[in-house]
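Next come the chains, spelled out residue by residue.
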Amino acid sequence: MGDPDEELLSRVAAGDPAAVRALVGRKLPRLLALAGRMLGDGPEAEDVAQDAFLRVWKQAPKWRPGAAKFDTWLHRVALNLCYDRLRRRRELAFAEPPERADEGPAPDRGLQAMDTGRRVAAAMAALPDRQREAIVLCHYQELGNIEAAAVMGISVEALESLLGRGRRGLRTALGDLKEA
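Owing to the predicted nature of the structure, the values given are computational and were not obtained by experimental measurement.

Draft legend 1. Geometry of the pattern of salt bridges. Scanning the entire structure with this criterion turns up 13 salt bridges. Each of the salt bridges in this network shares a partner with another, and the network as a whole consists of D5, R26, K27 and D71.

Draft legend 2. Just the nonpolar core, in detail. Counting 45 residues, the largest nonpolar core has L137 and L159 as its most contacted members. Taken together, the elements giving at least two residues each to this core come down to α1 (6–13), α2 (17–39), α3 (42–59), α4 (70–91), α5 (111–126), α6 (129–140), α7 (145–152) and α8 (156–173). Among the elements that take part in this core, α4 stands out by supplying nine residues, more than any other. Setting aside chain neighbours within four positions, we find L137 in contact with L34, H75, L79, E142, L143, A148, V151 and M152.

Draft legend 3. Up close: the packing of α2 against α6. Running from N to C, α2 and α6 point in directions that differ by 145 degrees, and their axes come no closer than 10 Å. Judged by the sense of rotation from one axis to the other, the crossing of α2 with α6 is right-handed. Every residue of α6 that contacts α2 at L34, R37 and M38 is listed here: R132, E133, V136, L137 and Y140. In the contact of α2 with α6, the residues fall into five nonpolar, no polar and three charged.

Draft legend 4. Fine view of the environment of L31. Within the secondary structure, L31 sits in helix α2. Its relative accessible area of 2% is what places L31 among the buried residues. With 47 residues separating them along the chain, L31 and A78 place their C-alpha atoms 7.0 Å apart. Not counting chain neighbours up to four residues away, the residues in contact with L31 comprise A49, A52, F53, L74 and A78.

Draft legend 5. Spotlight on the packing of α1 against α2. One can describe the packing of α1 onto α2 by two numbers: an axis separation of 8 Å at closest approach and a directional angle of 135 degrees. Here α2 runs oblique to α1, going by the angle between their axes. Our pair here, α1 against α2, has a crossing hand that is left-handed. Each of L8, L9, R11 and V12 in α1 lies in contact with α2, whose residues at this interface are A18, A19, V20, A22, L23 and R26. Residue classes in the contact of α1 with α2 are distributed as eight nonpolar, no polar and two charged.

Draft legend 6. Quick look at a positive patch on the surface. Taken together, the side chains of R165, R167, R168 and R171 define a basic patch exposed on the protein surface. Counting through the fold element by element, R165 comes out in helix α8.

Draft legend 7. Quick look at α1. Those residues of α1 not exposed but buried are L8, L9 and V12. Projection of α1 onto a plane perpendicular to its axis shows the buried side chains occupying an angular sector of 100 degrees, all on one side. Once α1 ends, the next one or two residues include G15, with phi positive near 85 degrees.

What counts and how
- In this numbering scheme, every chain counts its residues from 1 along its sequence in written order.
- Since the coordinates come from a predicted model, pLDDT governs what is reported: local features require at least 70, and pairs of side-chain atoms require 80 or more to be given and counted, while whole-chain, interface and lining totals use all residues.
- Calculation of side-chain values draws on the structure's entire complement of heavy atoms; hydrogens and water are dropped beforehand.
- What counts as a salt bridge is simple: a side-chain nitrogen of Lys or Arg found within 4 Å of a carboxyl oxygen of Asp or Glu.
- By nonpolar core is meant a set of buried Ala, Val, Leu, Ile, Met, Phe, Trp, Tyr and Cys residues that side-chain atoms within 4.5 Å join together.
- The rule is simple: take the accessible area with a 1.4 Å probe, protein chains only, and divide by the maximum for that residue type; under 20% is buried, over 50% is exposed, in between is partly exposed.
- Counting from the N terminus, the helices are the DSSP runs of H or I reaching at least four residues and the strands are the DSSP runs of E reaching at least two.
- We call two residues in contact whenever any of their non-hydrogen atoms come within 4.5 Å of each other.
- The axes used here are C-alpha line fits, helices contributing only the stretch in contact, and every angle between their N-to-C directions lies in the interval 0 to 180 degrees.
- The crossing is said to be left-handed when, going from far helix to near helix, the turn is anticlockwise and less than a right angle, and right-handed when the turn is clockwise.
- Residues are grouped as follows: Ala, Val, Leu, Ile, Met, Phe, Trp, Tyr, Cys and Pro are nonpolar; Asp, Glu, Lys and Arg are charged; all remaining types, including Gly, are polar.
- For classification, angles of less than 35 degrees are called roughly parallel, those exceeding 145 degrees roughly antiparallel, those between 65 and 115 degrees roughly perpendicular, and all remaining angles oblique.
- Only residues whose relative accessible area exceeds 30% and that form no salt bridge enter a patch; like-charged residues are grouped when within 9 Å of one another, and nonpolar side chains (Val, Leu, Ile, Met, Phe, Trp, Tyr) when within 5 Å.
- Only the protein chains shown count as cover for residues, and the accessible areas themselves come from Shrake-Rupley with a 1.4 Å probe.
- Counting rule applied: Lys, Arg positive; Asp, Glu negative; His and chain ends not counted.
- Where a charge lies is defined by one atom per residue type, namely NZ (Lys), CZ (Arg), CG (Asp) and CD (Glu).
- Think of the arc as the fan of directions from the helix axis to the C-beta atoms.

In structure tokens, the structure reads:
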């Protein structure tokens, strides 16, 4: 079973504009979702996706088929870019948090869903980085354990341990929520 992206990537390396559009169309939604969940900020997630695709264009001519699965490599690049941004955030000291417009639903609709979403996002953000990364890759990005472990550069057993600890942490933080 080969890499489904190899042919498309070779066309990107050759400068085929249709291949570039196809690759962006295929990968952008998942990269935005990954970066959005890791960073909790839409515009920053867009910047990460853009930076990841810039690296794709630079890497495409050098890509060696069979060396690694392209999707695994792309997820690792996006995660590294997210971690770079998270580190920079910690380095910046803000006197006051920046003001943001509420982009949620109208006040008369979805208040409980908004509260639940915020609590889940806060619980995810409170997890240690590696546990959050494992949960995002497996549950939100829907990668299998083998592929997620490859993205993280760890064994499947280590991934399952991170998932277990992360799930327990989320259960503890969100234990009072009832399933709808």
